[in-house]
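# Examining the three-dimensional arrangement
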Amino acid sequence: LKVIIPQHVEIYNPFIVDTIIQNLNNYKQRKIYTLINVSCATCLFKLQKWDSLQLEHPNIAIIPVCHSRDNFEQLKFLFENNKIARIHIPLLLDLEDSFAIKNNSLMKSNNLTVLTDGGDRVLLNGDPLESEIDRKKFFGLLKLSSYVYITIFLSFFHLLFVIS
């Protein structure tokens with residue numbers, strides 16, 4: 001399975017100076033996409049949790065895909081009037097509310113949070129914010145893949161050294 005990004009999206013950087021700029025296509029080897037209803041006041045608190053997680057794990061791109069019943073007016077008002085704490089990650093605003101529809105097969109209990117590779121192929125489905133088990137799976141896989149890349153790099157370097 002692969003995450004499908006809708007055609008009509010806007011990248012919203014409420015605090016452009018502090019924002020970690022991300023290229024959605026090939027920014028990092030691993031990405032976490034999470035769907036957030038920003039019309040829901042309690043759901044907005046997840047943005048701070050994801051922001052904290054991004055700061056803890058800078059080697060992964062966290063991409064909150066936001067949908068809204070009010071055309072993102074509440075979200076923008078709250079950020080522009082400093083009613084929500086500053087975040088360092090850009091938000092992907094789903095302007096036609098189609099992300100959940102296009103990725104329906106990835107929905108899990110009305111939630112869509114997935115870990116993908118650099119090509120947006122789904123590696124894991126779950127919610128590392130709400131489930132300790134999912135958190136261990138997500139970040140365990142990230143540590144494992146980092147170890148594999150380092151091992152491959154060192155083996156290649158060793159091979160070059162032996163040949164020369």
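The structure we're discussing is the one just above.
The structure presented is a predicted model; accordingly, all values stated were derived computationally and were not measured.

Thresholds applied
Residues numbered from 1 in each chain as written. Predicted model: local features only at pLDDT ≥ 70, side-chain atom pairs only at ≥ 80, totals over all residues. Heavy atoms only, no water. Helix = DSSP H or I, 4+ residues; strand = E, 2+ residues; numbered from the N terminus. Buried < 20%, exposed > 50% of the residue type's maximum accessible area, 1.4 Å probe, protein only. Polar contact = N/O pair within 3.5 Å; in protein donor to acceptor, adjacent residues only side chain to side chain. Contact = heavy atoms within 4.5 Å. Arc of directions from axis to C-beta. Pairing = 2+ DSSP bridges. Axes fitted to C-alpha atoms, helices over the stretch in contact; angles between N-to-C directions. Right-handed = clockwise from strand over helix to strand, strands pointing away.

So, on to the side chain of Thr-113. Relative to the elements of secondary structure, Thr-113 occurs in strand β5 (residues 113-117). Owing to a relative accessible area of 1%, Thr-113 belongs among the buried residues under this scheme. Side chain to side chain, Thr-113 and Thr-34 meet in a polar contact 2.9 Å long. Ignoring sequence-local partners within four residues, the contact set of Thr-113 consists of Ile-32, Tyr-33, Thr-34, Trp-50, Leu-124, Asn-125, Gly-126, Asp-127, Pro-128 and Phe-138.

Another point: helix α2 (residues 73-80). Taken together, the buried positions of α2 are Leu-75, Leu-78 and Phe-79. Burial along α2 is one-sided: seen end-on, the buried residues are contained in an arc of 95 degrees. Exposed residues pointing more than 90 degrees away from the buried face of α2 are listed as Glu-73 and Glu-80. One or two steps after α2, the chain reaches Asn-82, where phi turns positive at roughly 55 degrees.

This part is about the sheet that holds β5. Pairing is mixed across the open sheet formed by six strands, whose spatial order is β1-β4-β3-β2-β5-β6. Because the sheet does not close on itself, it has two edges, and the strands there are β1 (9-12) and β6 (122-125). Mean inter-strand twist for the sheet, computed between neighbouring axes without regard to direction, equals 25 degrees. Each of β2 (30-37), β3 (61-67), β4 (91-94) and β5 touches helix α1 (residues 41-56); the most contacted strand, β2, lies at about 165 degrees to it. In the packing of α2 onto the sheet, contacts are made with β1 and β4, and the angle to β1 comes to roughly 10 degrees.

In this section: the pairing of β4. Burial of β4 is two-sided: the residues Leu-91 and Leu-93 facing one way and the residues Leu-92 and Asp-94 facing the other way are all buried. By the bridge criterion, four bridges tie β1 to β4 in an arrangement that is antiparallel. Within the sheet, the bridge partner assigned to Val-9 lies in β4 and is Asp-94. In the sheet, β3 pairs with β4 via two bridges, with the strands oriented parallel. Residue pairing across strands places Cys-66 opposite Leu-93, the latter belonging to β4. Crossover β3 to β4 through α2 is right-handed.

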